[in-house]
Structure formats: structure tokens, C-alpha cells
Amino acid sequence: MPEPPGCADERPRPDRRHTALQDRLHRTHPRIEYLTKWRHWGDRDAREHLCGDIERLADSALSPSEIAARVRNARESWKRIDRAEGPAAEDLWHRFDQACTQAYAPFQEEQHQQAELRQAHLEQKQALCRELAAFEGGVDWDNVDWREVDKKVRKARERWRRIGSVPRKESKSLERDFRGVMDRLEEHLGGERERELTRRRALVARMEELADASDLRAASREVKEAQRDWKPSVQARRRVEQELWQQFHTACDAIFQRLRDERDAADAELQANLERKSALCQELAGLLDKGELAYADLAKRFSKAAGEWSEVGPLPRNKGRDLEARFKRLKDRLQELRQQESRAAAAAQVAGMRQRASLCARLEMAALEGSQVEDERRALLQESRQQWQQLAPIDSSQLKPLEQRFERAEQALQGDDEARQALLRELPENLNRGLDLCLRMEVEAGIESPEEFAQARMQFQVSRLSDAFHHRLEEARSGEDRLHGLQQEWILIGLAPMEAREMLERRFQRVMDALA
């Protein structure tokens, strides 16, 4: 059929640009096929890499949950490769799936154990709810030990928290049951809790009042009693308890701080007293050690120190006894010094008496012999008078009889016959006095008397026993006092007959040696 007019001109002509593109695509087809083969090779390498990663998880230190997360990520990566490149080879898929299943198994076991644990927790919490409900129903709320109820409720809350999670589908109803029984118990406890809060707030107010108490000892005892009574039968919420306890603790501390300050002041006073008495002891010890003061001056200072000592207050308990003992030792040293001076004075007294008695005896013997010429008598008198005047002074009570004896001896030596006759008459009297004194001294010293005086000694002892008062007085005197007394009495006896003088002196010296 002939074409309609104008049709040949309207037929579409091939697009040169389109033709060029088709030619170009045809020429790159071999290259595309080559690259497709390389992509399939990279897909297998990625899958084998995933298999290796999962297989190595068996020896890793990761937790089951971390391993499970990696297994899930690996499966997602495998699915992406499937969507992009198609299914993997069957052997590679089985390898990957087996590795994932094996790695995921510990997590599944852990999940199973946790499910069992949550079920056990459910049973424990259900049992606790039943226990609390039974407890609530069994309590006589008109006669109840609130402290025990509060303790049980607090322990129940703690037990509930420690039990752990339960299956999610049971948690809401279980929590509702627990809250319900706890609310009922708290409703019972609420009234007692408020009463306890009121009581303890009153205790806080009382402690704050005591902060200015004048009698801190009584206040501290009341504080300690309040501390013993502080523990509530039913506790409030922790924040309320902490705030209330802080107020109470602060009020109590204010009282105890005042008491500590008072004790510190008392301790400071005790320490000052200790230092004062220690200084006194140090001063007195220094005076005694130096030895520069006479006993009389030392005695005055000790007397003044004793007054100061008594005015000083008490000492620390652990130091007072030692310091008192030290002060006593110092007074004992002073007393010993007094005794030393007394002994020295007594010895000097005896020596002075003996020297004077010796001068008297010298003149008496010369007067009784009568063999000296006038010049010899005059020289003897002058020499004796000079020696007498040079002697150290002695007690006047002992000096007077010796002066009288010396004067009479002078008179006798100067030719006074009456004085000489008096000397002759006293010789036997002095002998008897000497024998009697020797006998007394021998008994006193506990040594034997010569045989010829045995009878006289027995008579003396009998008479001495009968005079109990005199015996007690003699016993009361110290040995040194008795010794000095006997020596002075011996010196004052006077001149004895010549034939008896050596015997008397020998007996006297024997007694002195025994008593020394």
C-alpha cells in the first residue's frame, strides 16, 4: 500500500546520541561480567570473616550477654549480604549457623537461670506478703510491743529490697499486695511514731534548757539518762530522724563541752598546785643540800613552807601521793639535821663539862696532896684560870655546879682549911655515888658487874622493877639521851679516893663502850 503523503517525513529517525550509548554499553559488558565475578569473591570472604569472628567468641572473656549481642549483629550482617548478593553457599551457611548457635547457648542458659531466679524471687515475695498479712492479723494492737513491730516492718522492707526482681507480668500485682499490707502496718505505727517524735522533741528542748544549768554535774547525769531514753519505739523517716538526732546531739554536746571546760580548769588548777608544791620541795631540798643555813633558820623556813603547803589546794590523784611522800622525806631530813645538831651540842656540852671537871680535879688533887710550894700553887692557879676562861661555853645549869667546885678547889689550894676538909669529907660520898652510877649504867647497858657488887646489883634491879613509873620514863628516853645524861651525871660526881679512881674510870669506860 502506498504510504500516505507526508508519512515518510514523519517517521522517527534514530537518535545518534542514544546509538552511541548503546555501542558504549555493549563494549563494557565484558568488563561488567569480570567485576561481577570479583564481587562474588568479596561476598564469600566477608561471610568467612563473620564465621571466624563468631567461632572465636567461644574462647573470649566476654560475658554471655556481650557474646549474644555480637551474635545478633553478625546475623544482621549476614542477612544484609543475602539481600545484596543472594543466599550463601550451603556449607558456609551451616558453618555460620552452627557457630552462632554454639556461641549463643550460654546466653540462653543464663536467661533460663534468670527466669528461674525471678520465679524464686516471686515465690519469696509472695511468702513475705503472706507472712506480713498473717502478722498484722495476729497482733493485739491494744497491747503491742511497738519496738518489735517497727523492727519487723523495717526488716520486711529490707528483705523486699534484697530479694530481687520478679517476672514482669507479676510485678505490678505483687507490688500492690506488698504496699497494701505495709500501708496497713504503717497506719498502726503512725500514732506511736508521732508520740515518740513529741517525746523526743521534748527531750531536745530540755537538753537546750540545761545548757545554762548552774549544777553541771546534775545536768550531765540528766543528759546521760536522756541518751539512754532516746531510742524510739517507732522510728520516723530517716531524714526526720537525722535532723532530730542532730539537734539532740548538739544540745548534749553543749553541756558536755561546759563540763569539759570545767574539768580542764580544775585540771589546770591541780597542775598549778602540783607545780607550787614541787617548787617548795625543790627549794627546801636545795637549802638542805647546800648546808649553808643553821638548823634554826632551816626550821623557820620549813615552818613557813608547811603553812604554804597547807594553803595549796589538792593535787592530781596520780601525783599527790608521791609529792606528799617527798615533802615528808624533806621534813625527816630536817629532823635528822636537828638530831645531828643536838648530838653535836650534847657532845660539846659533855666535852666542856669534862674539861672543866678535869681542871677541878687537878686543883683538888694538888690541894689534898699539899706538896707544892707557894710559887707552884700560884702558877697552877693562874694556868688553870686561863684554861677555864678559854673553854667553850656550856649550859648554865651544868656550869654552875662546876664553877662552885672550881672555886672551892681554888680556895683549898690557897690554904683554906675548911675547903680542904670539905674535899676530904666528900671523897667517900663521891665514891658511893660513883659506885652507884656504875651499877646503874651496867644494868642499863646489860653488861655484868664485878662479883663483889652482885648483891648490890640485885637489890638495885628489884627496886627498879618496883618503880614502874621511873622505868617507863627511862624507856621513853632515847639511847643517846640516856648516854649523855649518864656522862653528865658522872662528870658532876666529883673527886673519888685515889685508890678507887682507876677502878671507877675503868667500869665507866666499859659502860660507855657498850652504849656507844
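Residues numbered from 1 in each chain as written. Predicted model: local features only at pLDDT ≥ 70, side-chain atom pairs only at ≥ 80, totals over all residues. Heavy atoms only, no water.

### Re the overall build of the chain
Here is step 1 of the chain: On a plain count of helices and strands, the chain comes out with 17 helices and zero strands.
Here is step 2 of the chain: With the principal axes as the frame, the chain shows a C-alpha extent of 225 × 75 × 55 Å.
Here is step 3 of the chain: When each of the 516 residues of the chain is scored for burial, the buried share is 33%.
Here is step 4 of the chain: Taking all contacts inside the chain whose residues are at least 6 apart in sequence as the whole, residues at least 24 apart take part in 75%.
Here is step 5 of the chain: Approximately 34,200 Å² of the chain is accessible, and the part contributed by carbon and sulfur atoms is 49%.
Here is step 6 of the chain: Averaging the coordinates of the 92 positive side-chain charges in the chain and doing the same for the 98 negative ones gives two points 7 Å apart. (Helix = DSSP H or I, 4+ residues; strand = E, 2+ residues; numbered from the N terminus. Buried < 20%, exposed > 50% of the residue type's maximum accessible area, 1.4 Å probe, protein only. Contact = heavy atoms within 4.5 Å. Areas by Shrake-Rupley, 256 points an atom, 1.4 Å probe, with all protein chains shown as cover. Lys, Arg positive; Asp, Glu negative; His and termini not counted. Charge placed at Lys NZ, Arg CZ, Asp CG, Glu CD.)

### Some points on a positive patch on the surface
Here is step 1 of the chain: Positive charge collects at one region of the surface, where Arg147, Lys151, Lys155 and Lys231 lie side by side.
Here is step 2 of the chain: Tracing the backbone shows Arg147 in helix 5 (residues 146-163). (Patch = residues over 30% accessible without salt bridge, like charges linked within 9 Å, V, L, I, M, F, W, Y side chains within 5 Å. Salt bridge = Lys/Arg side-chain N within 4 Å of Asp/Glu carboxyl O.)

### Focus on the packing of aromatic side chains
Here is step 1 of the chain: Counted according to the given criterion, the structure contains 12 aromatic pairs.
Here is step 2 of the chain: Ring centres of Trp490 and Phe508 lie 4.4 Å apart, and the angle between their planes is 10°; this geometry places the pair in the stacked category. Of this pair, Trp490 sits in helix 16 (residues 479-491) while Phe508 sits in helix 17 (residues 498-515), placing them 18 residues apart in sequence.
Here is step 3 of the chain: Residue Trp490 is classed as buried on the basis of its relative accessible area of 9%.
Here is step 4 of the chain: Residue classification places Phe508 among the buried residues on the basis of a relative accessible area of 1%. (Phe/Tyr/Trp six-rings, centres within 6.5 Å; stacked < 30°, edge-to-face > 60°.)

### Side note on the layout of surface pockets
Here is step 1 of the chain: Taken as a whole, the largest pocket holds about 520 Å³ of empty space.
Here is step 2 of the chain: Around the largest pocket sit 13 residues that line it, and Arg154, Arg157, Ala236, Arg237 and Arg238 are the ones nearest its centre.
Here is step 3 of the chain: Listing elements by their share of the lining of the largest pocket, those giving two or more residues are helix 5, helix 6 (168-210) and helix 8 (238-290).
Here is step 4 of the chain: With six residues, helix 5 is the largest single contributor of residues to the lining of the largest pocket.
Here is step 5 of the chain: A class-by-class count of the residues in the lining of the largest pocket yields two nonpolar, one polar and 10 charged. (1 Å grid on protein atoms, 1.4 Å probe; cavity = no way out; pocket = protein on both sides within 12 Å on 5 of 7 lines; lining within 4 Å. Points joined across faces, edges and corners; volume = space filled by probe spheres on them. Nonpolar A, V, L, I, M, F, W, Y, C, P; charged D, E, K, R; others polar.)

### A look at the packing of helix 10 (residues 317-369) against helix 11 (residues 374-390)
What describes two packed helices is the angle between their axes and the distance between those same axes.
Here is step 1 of the chain: Relative orientation of the contacting elements helix 10 and helix 11 amounts to 170°, with a least axis distance of 10 Å. In terms of orientation, helix 10 and helix 11 fall into the roughly antiparallel class. Across from Arg356, Leu359, Cys360, Arg362, Leu363 and Ala366 in helix 10, the residues of helix 11 making contact are Leu380, Leu381, Glu383, Ser384, Gln387 and Trp388.
Here is step 2 of the chain: Of the residues assigned to the contact of helix 10 with helix 11, the class counts are seven nonpolar, two polar and three charged. (Axes fitted to C-alpha atoms, helices over the stretch in contact; angles between N-to-C directions. Parallel < 35°, antiparallel > 145°, perpendicular 65-115°, else oblique.)

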